[in-house]
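Geometric and topological summary
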Amino acid sequence: MAEPRTPSESAPAGGQPQEADVLRQILRSPGYLKALVLCALIGIPVSLAAFWFLVALHELEHVLWGDLPSALGLTDPPWWWPFPLLLFAGTVVGLIAKRLPGAGGDVPGAGLHTGVASSAALPGILLAAAACLPFGAVLGPEAPLIALGGGLALLFRDLSRAPATPRGLALLGAAGSAAAIAAIFGNPIVAAVLLIEVAGVGGPQLFAVMLPALLSSGIGSVVFTGLGRWTGLGTGDLSLKLFAPLPRLDVPDVFWAVAIGAALAVVLRPVSVGAWAVAGYVTRRPFARTVLCALGAAACAALYALITGRSPAEAALSGQAALASLAADPYAWGVGALLALLLFKGIAYALCLGSLRGGPVFPGLFLGAAAGLLLAPLPGLGIAPAMAAGMAAATATMLRLPVSSVLLVVLLIGSTAMMPVVILAAVVAFVVTELLPAGREPAGLETPAPAGGT
């Protein structure tokens, strides 16, 4: 596809082009219009691949943590259950990191990235995710989905023999990633905004990237929704069914939202710093130390189960299923269980972020919801505002993407009633996180630029 003219080529002599003129030149470019059409077509196969990938992960998790214990005559997984599963996960990821191209994908402690995976690296990324996520890693599927969408987009581009240009590659990668990530978030707007905020683009380039991402994710979302209804298969429900109707907000809710945002930024910052330290530790001996970190995460889940008498699955896995349970019946969790959950799942989260493969979103959401529930008895604060503020603060802290965090929490709640506390908590947490000392980041582990960066 032909390259659109650059702003300097469309600028009048001796002057600077206006942003509207630059955008118009981009949109009128034959190369861009061809890329837009290809992005729309790519949304269909990418959403198909993402659907079946998520179905496979969901079904395997159900077998490993539900059907298999039942077949052994157990009501719930016993306390030792995470050890063999995470031993397998650590062994597979360690081998992939050492021997396969792409090392199984980016270390999730570095945050989400928009870089497109090569076709050679894609099998290792999918194998690592399949070995981690259903087997108890405290990670979500969003990073492998971004890699899957971007990699498939470039593969289809190669099969169609479309000319390769830097801008065309970037657009196709963004469109493919958006179509895949819409599968798990269930909303094309959240997917497009998340990828754009990760990329940190602005001005005319923002619109140039946003259009194909929106188009591809919208088409992919339609296909994904239709497949779910047609097949009856589940991929994990993101919507939360709260135990009670949402209350009206008042002044104490707003005050506590600010306090929760600042507090969770301080509390969760050691998780990020710990993940960097783990990543630096694993880099020097990837196989053996990946296995050790996976067993460390298993030990956290086992200790949680021994201390609380609850299922170790609550402290393992991404937390997506447990988050729905927490929202539907918050009174089933005592103060001691919540404190143990925050401690042990937080440590396991840091270990998995620095050693295994997956995404950082869902465990952050769950830890934020648990922290909010723990703080809900504060004077004038209710359970729904506390959980909403906690989820927004935790995701903004861990992802450093405040806009995406707000949209995602509002989508989960299914209402805009909590939006003021969600926005305040996310913004305060993001600002406090940026002001806190960054800590020492190991070589080779790059964090994404703050939103709005270049």
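Residues numbered from 1 in each chain as written. Predicted model: local features only at pLDDT ≥ 70, side-chain atom pairs only at ≥ 80, totals over all residues. Heavy atoms only, no water.

Quick notes on the packing of aromatic side chains
Let me state the cut-off plainly: Between rings of Phe, Tyr and Trp, where Trp is taken as its six-membered ring, a pair exists when centres lie within 6.5 Å; planes separated by under 30 degrees are stacked, by over 60 edge-to-face, and by other angles tilted. To qualify as a helix, a DSSP run of H or I must reach at least 4 residues; to qualify as a strand, a run of E must reach at least 2; elements of each kind are numbered from the N terminus. Summary of the burial criterion: residues with accessible area below 20% of their type's maximum are buried, those above 50% are exposed, and those between are partly exposed, where the area comes from a 1.4 Å probe applied to protein chains only. In this scheme, Lys NZ or Arg CZ marks a charge over a ring once it lies within 6 Å of the ring centre and within 35 degrees of the ring normal.
For the structure shown, the criterion picks out five aromatic pairs. Ring geometry for Trp 333 and Phe 366: centres 6.4 Å apart, planes at 65°, overall edge-to-face. Of this pair, Trp 333 sits in the loop between helix H12 (320-328) and helix H13 (335-355) while Phe 366 is found in helix H14 (residues 361-375), placing the two residues 33 residues apart along the sequence. Judged by its relative accessible area of 0%, Phe 366 is buried. The ring centre of Trp 333 lies 4.1 Å from the NZ or CZ of Arg 310, which sits over that ring.

Topic: the environment of Gly 261
We apply this condition: In this analysis, two residues are considered to be in contact whenever any of their non-hydrogen atoms come within 4.5 Å of each other.
Here Gly 261 shows up in helix H10 (residues 251-284). Residues Gly 261 and Gly 390 lie 129 residues apart in sequence; the distance between their C-alpha atoms is 7.1 Å. Those residues in contact with Gly 261 that sit more than four places away from it in its chain are Ala 393, Ala 425, Val 428 and Ala 429.

Here we look at the packing of helix H4 (residues 82-99) against helix H11 (residues 286-308)
Geometrically, a packed helix pair is captured by the angle between its two axes and the distance between the axes. Put simply, the rule reads: Here, axes are lines fitted to C-alpha atoms. For helices the fit covers the stretch in contact, and angles between N-to-C directions go from 0 to 180 degrees. The cut-offs work like this: below 35 degrees is roughly parallel, past 145 is roughly antiparallel, 65 to 115 is roughly perpendicular, and the gaps in between are oblique. Helix crossings get a hand from a simple test, with the near helix turned counterclockwise from the far one by less than a right angle marking a left-handed crossing and a clockwise turn marking a right-handed one. Each residue receives one of three labels: charged for Asp, Glu, Lys and Arg, nonpolar for Ala, Val, Leu, Ile, Met, Phe, Trp, Tyr, Cys and Pro, and polar for the others, Gly being one of them.
Interhelical geometry of H4 versus H11 gives an angle of 155° and a closest axis separation of 8 Å. When the axis of H4 is compared with that of H11, the two are roughly antiparallel. As H4 runs across H11, the sense of the crossing is right-handed. Across from Pro 82, Phe 83, Leu 86, Leu 87, Gly 90, Thr 91, Val 93, Gly 94, Leu 95, Ala 97 and Lys 98 in H4, the residues of H11 making contact are Pro 286, Phe 287, Thr 290, Val 291, Ala 294, Leu 295, Ala 297, Ala 298, Ala 299, Ala 301 and Ala 302. Tallied by class, residues from the contact of H4 with H11 come to 17 nonpolar, four polar and one charged.

Examining the packing of H13 against H14
Packing of H13 against H14 leaves a shortest axis separation of 10 Å and a crossing angle of 155°. In this view, H13 runs roughly antiparallel relative to H14, as classed from their interaxial angle. Judged by the twist between their axes, the crossing of H13 over H14 is left-handed. Contact residues: Val 335, Leu 338, Leu 339, Leu 341, Leu 342, Lys 345, Gly 346 and Tyr 349 in H13; Pro 363, Gly 364, Phe 366, Leu 367, Ala 370, Ala 371, Leu 373 and Leu 374 in H14. Per-class residue counts for the contact of H13 with H14 are 13 nonpolar, two polar and one charged.

Examining the pattern of salt bridges
The line we're drawing: Salt bridge, as used here, is a side-chain nitrogen of Lys or Arg placed within 4 Å of a carboxyl oxygen of Asp or Glu.
Inspection of every chain in the model, using the stated rule, returns two salt bridges. The shortest N-O distance in the salt bridge between Glu 314 and Arg 310 comes to 2.9 Å. Assessed through its relative accessible area of 14%, Glu 314 is described here as buried. Arg 310 gets classed as partly exposed once you look at its relative accessible area, which sits at 24%. The partner of Arg 400 in a salt bridge is Glu 434, and the shortest N-O contact between them spans 2.9 Å. Taken together, the residues Arg 400 in the loop between helix H15 (383-399) and helix H16 (402-413) and Glu 434 in helix H17 (residues 419-435) connect sequence positions 34 residues apart.

Side note on a nonpolar patch on the surface
Put simply, the rule reads: Only residues whose relative accessible area exceeds 30% and that take part in no salt bridge are eligible for patches, with like-charged residues grouped when within 9 Å of each other and nonpolar side chains (Val, Leu, Ile, Met, Phe, Trp, Tyr) grouped when within 5 Å. For the area figures, the Shrake-Rupley method with a 1.4 Å probe applies, and any residue is considered shielded solely by the protein chains shown.
A surface patch of nonpolar side chains, amounting to about 520 Å² of accessible area, comprises Trp 79, Trp 80, Leu 303, Leu 306 and Ile 307. The residue Leu 306 is located in helix H11 in this model.

Let's talk about the side chain of Ser 318
Basically, it comes down to this: Between N or O atoms, a polar contact is any pair within 3.5 Å; within protein, one atom must be a potential hydrogen donor and the other a potential acceptor, and residues adjacent in sequence are included only when both atoms are from side chains.
Mapped onto the elements, Ser 318 comes out in the loop between H11 and H12. In this structure the side chain of Ser 318 is engaged in a polar contact, spanning 3.3 Å, whose partner is the backbone nitrogen of Gln 320. Sequence-distant contacts of Ser 318, that is, excluding residues within four places in its chain, are made with Ala 137, Leu 139, Gly 140, Lys 345, Phe 362 and Pro 363.

With respect to unusual backbone geometry
For Ala 103, which is not glycine, the phi torsion reads 55° and is therefore positive. Residue position: Ala 103 is located in the loop between H4 and helix H5 (122-132). One non-glycine residue, Arg 400, adopts positive backbone phi at about 60°. A relative accessible area of 15% means that Arg 400 is categorised as buried.

Thoughts on H17
For clarity, the threshold we go by: A helix is expected to span 1.5 Å multiplied by its residue count minus one.
In this model H17 runs 24 Å from its N-terminal to its C-terminal C-alpha over 17 residues, within 8% of the 24 Å that 1.5 Å per residue would give. Among all positions in H17, only Val 421, Val 422, Ala 425, Ala 426, Val 428, Ala 429, Phe 430 and Thr 433 are buried. Against the buried residues of H17 lie H10, H15 and H16.

Quick word on H13
Taking 1.5 Å of rise per residue, the 21 residues of H13 would be expected to cover 30 Å, and the 30 Å separating its terminal C-alpha atoms lies within 8% of that figure. The element H13 is largely enclosed, with a buried count of 15 among its 21 residues.

Quick look at the confidence of the model for the protein chain
What counts, and what does not: Across the chain, each position has a pLDDT score giving the predictor's confidence in that residue, from 0 to 100.
Summing up the model confidence of the protein chain, the mean pLDDT is 82 and the portion of residues at 70 or higher is 80%. Here residues 1-16 is a poorly scored stretch, pLDDT under 50, and it has 22 contacts once near neighbours within four places are set aside; other chains count. In this model residues 446-454 is a low-confidence stretch, pLDDT under 50, and it forms 26 contacts with partners more than four residues away in sequence or in other chains.

Description of the side chain of Arg 357
Inclusion rule: The convention is simple: Lys and Arg are positive, Asp and Glu are negative, and His and the chain ends are not counted.
Its location among the elements puts Arg 357 in the loop between H13 and H14. For the buried Arg 357, which has no salt bridge, the nearest side chain bearing the opposite charge is Asp 106, at an N-O separation of 7.6 Å. Engagement of the side chain of Arg 357 in a polar contact is seen with the backbone oxygen of Ala 103, the distance being 3.0 Å. Within the local environment of Arg 357, its side chain forms a polar contact with the backbone oxygen of Gly 105, the two atoms lying 3.2 Å apart. Contact partners of Arg 357, with chain neighbours within four places excluded, come to Val 93, Ala 97, Ala 103, Gly 104, Gly 105, Asp 106, Val 107, Pro 108, Ala 128, Cys 132, Leu 133 and Leu 139.

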